[in-house]
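Below are the chains, spelled out letter by letter.
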Amino acid sequence: MEATKTDQNTILEIQDLKVSFTLPERTVNAVNGVSLRVGQRQSVGVVGESGCGKSVTSLAVLRLLARNARVDGGRIMFRRPQDNQMRDLLSYKSNGPEMREIRGGEIAMIFQEPMTAFSPVHRIGDQITDVMLLHGETSREEARTRAITLMKQVGITSAADRIDDYTFQFSGGMRQRAMIAMALACNPSLLIADEPTTALDVTIQAQVIEQIKRVQDEFGLALMLITHDLGVIAQTVDYVYVMYLGRVVEHGPVEAIFADPKHPYTIDLLRSIPRATGRRGRLNVIRGSVPNYLPSGCPFHTRCTRVVGDQCMTRWPAETTFDAGHGVRCFLYNRDHGDTE
Amino acid sequence: MSIGNTATESRGAIDQSASRDAARPDNILSVRDLKMHFSTGGGLFRRSTQTVKAVDGVSFDVERRETFGLVGESGCGKTTTARLILRAYEPTGGSIMFSPQRGVESDLATAPRGELWSLRDHMHMVFQDPYASLNPRMTVEQLIAEPLIVRGWRRSRYRERVTELLSLVGLDATYAERYPHAFSGGQRQRIAIARALALNPALVVADEPVSALDVSVQAQIINLLEDLQTELGLTYVFIAHDLSLVRHITDNVAVMYLGRIVETGPTEELFLRPAHPYTEMLLASVPVPDPAFRKSRTVVRGEALQSAATGIGCSFADRCPFAQDRCREIDPPLERVERSDGTSRLTACIRASELDLVGLDAGQ
């Protein structure tokens, strides 16, 4: 098993990940060389529109990709708590003993739709305790006590009574809280949340986000938050990766991304959202829509208003780094350097 | 709509003498005490046991050529209200006075079939999900022309209209022969808008028209809706849960909670200085897309549960940080409340005049 030395502070490092899907008529390259890093206790956001590959990236980490998906390259280095070494998750079998240990035990995931993520025919409490029984040597009674404690911690009132409820007896917000409780059951070191509040109402969203931030702090977790909602990103994470069509086009500290975006896509995206603080007026528009094919070169060139030249259509630009770890891939800042496709 | 100062105010009635116009305001829609109660819990051989009061005494006015927003969380009755306006449901009670042209007025709530048929020429709906609202087996031309065909237009006549509508919503006329699957979400919503405009309606009810779309495409559709309003003199009833969007597009807004309007007024005033504690909570939970204004702790408590609406007292009392015992005893009417800064607001809170609530721009 390969172990590499990286920054002691890193818990997850995705290097040049490539994932494609085989469809009957064609192959879709969903993720095209994504690199990202999550530090211990850090909260990292991955933001992008539908089809940008953000969910595929997170599912690749947990080795939960669909059967027709193929990892074409890259590494997913994760620091395993047992020996504090970085291991490549792609070197494990997706259904082997290591991944079974990691999934739920070391990396936990919160999904968008808590109604479908939970089983409707099992009691909520049993589903939470099952995770503990699967991963640890606790007794059923201990697990049950801990489940009640966790449910209380995530703000489920009268947890002792509600532990034997089924999911249909829970409201959407409560289900998402129960999901957080289940995610925490085995003391993971990394929490991946894929659109955790998208299906929820705005007041419930605020509560769930606050809950995620609180448990992250209390349990010392690293967080990878995947969302399309720039508001949620701004309110929650420290560091942001902006994805477009399977590529990270820009990444940096959250303040830098919002105050001083560099990539034309990030700039346009931020301008196109009606701000709660803004007044009436025309919204800035990104022309066209996300194409359903992968353009050559920089994938954004079909919609970009600041195309530099032919290189935008043929090559993927090298990264330009601004201060404080703010990196951008755009020929505007680096006219000549890029990879030939 | 601006703030009026009437002395006489009766429950459920919104003051008509508002100073928005020297004369009587030109309302395209006047909804009074609208109710929609659904029976649930019944089975084949069982009597229905419960009544869900999805809309329970809602009153508001929509002025001609304005955009009126209905906001609130799921289950608050905003979609039911929209459907009642189009009479997709038979209301349990109340009236919906609709005036397609100045001086002409009919009650949609009680209009007989024949009259309703002709009234529907003047109003149309745009739905949330353009993947569900467009029949995949119909071409764009068939989809857009359907309301025209239903009204007896011949192809020679409607073809031209379809071309006109396509260019109006920014689509190429050559798309008419294609099927919906060939289009992106944003383009599909443009088709849905073109269909809504086919009969040249005065009123368009848009229920979450952009929430199924990508962020970058939402802006295109919002701009299109605003352009069409200016060009065609449309009135919109705009339903959305995204408060930033509502603030951007609406002139007036009504905030709904468990089937009732808790507060209504000019959008900007209401967002800056809410009068109802629920509006404050709703505004406080908007994730502001700016990390410089990160919220420390939200003031949000509890959830909107239909079961919590006991019918006695304020239905928001159990979540309200300002609730007192009398809030659980008195049913708060929607009435104009004078506020400490000299303004007034239509709100359903018995403590509204004492409270000084925080709006959106607080600290920003």
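Just above, that's the structure.
Because the structure is a prediction, the values reported are computed rather than measured.

(A) Fine view of the sheet that holds strand β10 (residues 260–266) of chain B. All names here are of chain B. Taking strand neighbours across the sheet as the criterion, the eight strands line up as β6-β7-β8-β3-β9-β10-β12-β11 in an open arrangement whose pairing is mixed. The open sheet is flanked by β6 (123–126) and β11 (335–338), the only strands paired with a single partner. In this sheet, neighbouring strand axes are inclined to one another by 20° on average, regardless of whether the strands run parallel or antiparallel. For β11 and strand β12 (residues 344–347), the ladder comprises four bridges, and the chain directions are antiparallel. Bridging from a neighbouring strand, Arg-336 pairs with Leu-346 of β12. Strands in contact with helix α5 (residues 185–197) are β6 and β7 (203–207); relative to β6, the strand with the most contacts, it is inclined by about 170°. Here helix α9 (residues 277–284) sits on the sheet in contact with β9 (252–257) and β10, set at roughly 100° to β9.

(B) Main features of the nonpolar core. Met-151, Ala-181 and Leu-190 of chain A together with Val-205, Val-237 and Val-255 of chain B are the most contacted members of the largest nonpolar core, which has 195 residues in total. For this core, the leading source of residues is helix α7 (residues 172–184) of chain A, giving eight residues. Every residue in contact with Val-237 of chain B, bar those within four places of it in the chain, is listed here: Val-62, Phe-68, Leu-70, Ala-82, Ile-85, Leu-203 and Val-205 of chain B.

(C) Geometry of helix α1 (residues 54–61) of chain A. Summarising burial for α1 of chain A: six of the eight residues are buried, a large majority. Residues Lys-54, Val-56, Thr-57, Ser-58, Ala-60 and Val-61 of chain A constitute the buried set of α1 of chain A.

(D) Structural detail: α7 of chain A. Helix length check: α7 of chain A, at 13 residues, gives a terminal C-alpha distance of 19 Å against a target of 18 Å (1.5 Å per residue), a fit within 8%. By the criterion of burial, α7 of chain A is predominantly enclosed, with twelve of the 13 residues buried.

(E) Highlighting the packing of α5 of chain B against helix α6 (residues 215–232) of chain B. Residues and elements named next belong to chain B. Two elements in contact, α5 and α6, have axes separated by 9 Å at closest approach and are oriented at 20°. Our classification of the angle between α5 and α6 gives roughly parallel. You can see that α5 and α6 cross each other, and the crossing is right-handed. Two secondary-structure elements touch here, α5 through Gly-185, Gly-186, Gln-189, Arg-190 and Ile-193 and α6 through Val-217, Gln-220, Ile-221 and Leu-224. Classifying every residue of the contact of α5 with α6 by side-chain character gives four nonpolar, four polar and one charged.

Rules and cut-offs
- Residues numbered from 1 in each chain as written.
- Chains lettered and ligands numbered in written order.
- Predicted model: local features only at pLDDT ≥ 70, side-chain atom pairs only at ≥ 80, totals over all residues.
- Pairing = 2+ DSSP bridges.
- Helix = DSSP H or I, 4+ residues; strand = E, 2+ residues; numbered from the N terminus.
- Axes fitted to C-alpha atoms, helices over the stretch in contact; angles between N-to-C directions.
- Contact = placed C-beta atoms within 7 Å.
- Core = buried A, V, L, I, M, F, W, Y, C linked by C-beta atoms within 7 Å.
- Buried ≥ 20, exposed ≤ 12 C-beta atoms within 10 Å, placed from the backbone.
- Expected span 1.5 Å × (residues − 1).
- Parallel < 35°, antiparallel > 145°, perpendicular 65-115°, else oblique.
- Left-handed = near helix turned anticlockwise from the far one by under 90°.
- Nonpolar A, V, L, I, M, F, W, Y, C, P; charged D, E, K, R; others polar.

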